[in-house]
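So the chains spell out like this:
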Amino acid sequence: MGASILSIAPEVLEMIGNMSDLEDIKNLRLCCRQLGQFLKKSILETISYNINVLNASASITKLQCLGSGASPGASRTTTNLILKRLTLKCNYNPGDTECYIDGKLAPVPKLPDDAELLSIEQETKKCLLPALTALENVNSVSWRVLYQDNEWAQGAAMQAILSFKHLRSLRLEFNTVVFGLPLHHLRGIEEISIVADDAKDTSGHRAQIWSNLAEMLSLNTNLTSLTVQVGNYMAYTYMHLMKAFGALVATTRPFYPVARI
């Protein structure tokens, strides 16, 4: 069986891997060592989570598989984690014929009823944190913080990020956050990139994020690269950074990262 599968073009094998759930990938890897190595490098090294109405069932299954320890290969192998939509919320207006799903315009699918939505949310709430923290060798995270995600979902993602002992690179994109992300607790980070819009901060969460970033810079001697973009104008970026750095206590230990702004 392994030999016949290996005769397939690598592009097709990768497509099969991307369409398979973690349990199927586990079984495919058992076919032969060569196939296992291919799937390990092409599929398992990077895991993404982005739930929508079309992949809700598969997304929940992925969380359950990771959180229960049923996929130890993924837990050991995954080094890159991509987080987008963490919770399933349907924000379509009555009468809409098209909507954006995973960044692409598509016909509005059949929506789950309220009971099904509640069931999906409860299962996600139970499985999200255990699934993410099971990825113990993650060294790179890209997280697009979306306004649709609840506080518990954003909190679970941040808690998981803080638990990654090998984390070296973090990219954050956000427009709406529900709490001040505690970036100052990231001690071993080497590269950090932040992209935010220039929306008004009425909650104070954004100001807390910039303050936490400034504190992290004063404490982290491992950081080598900082990239920050706020809105489409350089003035916004400087304004936020200067406000954050100006709030630093004068007695903090100086640090000089290589910053790209």
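To start, this report covers the structure provided alongside it. (Residues numbered from 1 in each chain as written. Predicted model: local features only at pLDDT ≥ 70, side-chain atom pairs only at ≥ 80, totals over all residues. Heavy atoms only, no water.)

**Description of the pattern of salt bridges**
Any two side chains of opposite charge can pair if their charged atoms end up close together.
Thought 1: Tallied over the full model, the rule gives four salt bridges.
Thought 2: K126 is the salt-bridge partner of E123, the closest N and O atoms lying 3.5 Å from each other. Within this pair, E123 and its partner K126 are both found in helix α7 (residues 114–133), separated by three residues, close to a single helical turn.
Thought 3: K126 sits in the exposed class, given a relative accessible area of 55%.
Thought 4: When the shortest N-O distance is used, the salt bridge between R168 and E190 registers 3.7 Å. Of this pair, R168 sits in the loop between α8 (151–163) and β6 (169–174) while E190 sits in the loop between β6 and β7 (191–196), placing them 22 residues apart in sequence.
Thought 5: Owing to a relative accessible area of 31%, R168 belongs among the partly exposed residues under this scheme. (Salt bridge = Lys/Arg side-chain N within 4 Å of Asp/Glu carboxyl O. Helix = DSSP H or I, 4+ residues; strand = E, 2+ residues; numbered from the N terminus. Buried < 20%, exposed > 50% of the residue type's maximum accessible area, 1.4 Å probe, protein only.)

**With respect to the environment of R168**
Thought 1: For the pair R168 and R187, spaced 19 residues apart in the sequence, the C-alpha separation amounts to 9.4 Å.
Thought 2: In contact with R168, not counting residues within four places along its chain, are N139, G188, I189, E190 and E191. (Contact = heavy atoms within 4.5 Å.)

**As for the environment of E136**
Thought 1: Take E136: it is sitting in the loop between α7 and β5 (140–145).
Thought 2: On the accessibility criterion, E136 (47% relative accessible area) is partly exposed.
Thought 3: Separated by 30 residues in the primary sequence, E136 and H166 have C-alpha atoms spaced 7.9 Å apart.
Thought 4: When sequence neighbours within four positions are dropped, the list of residues in contact with E136 reads S75 and H166.

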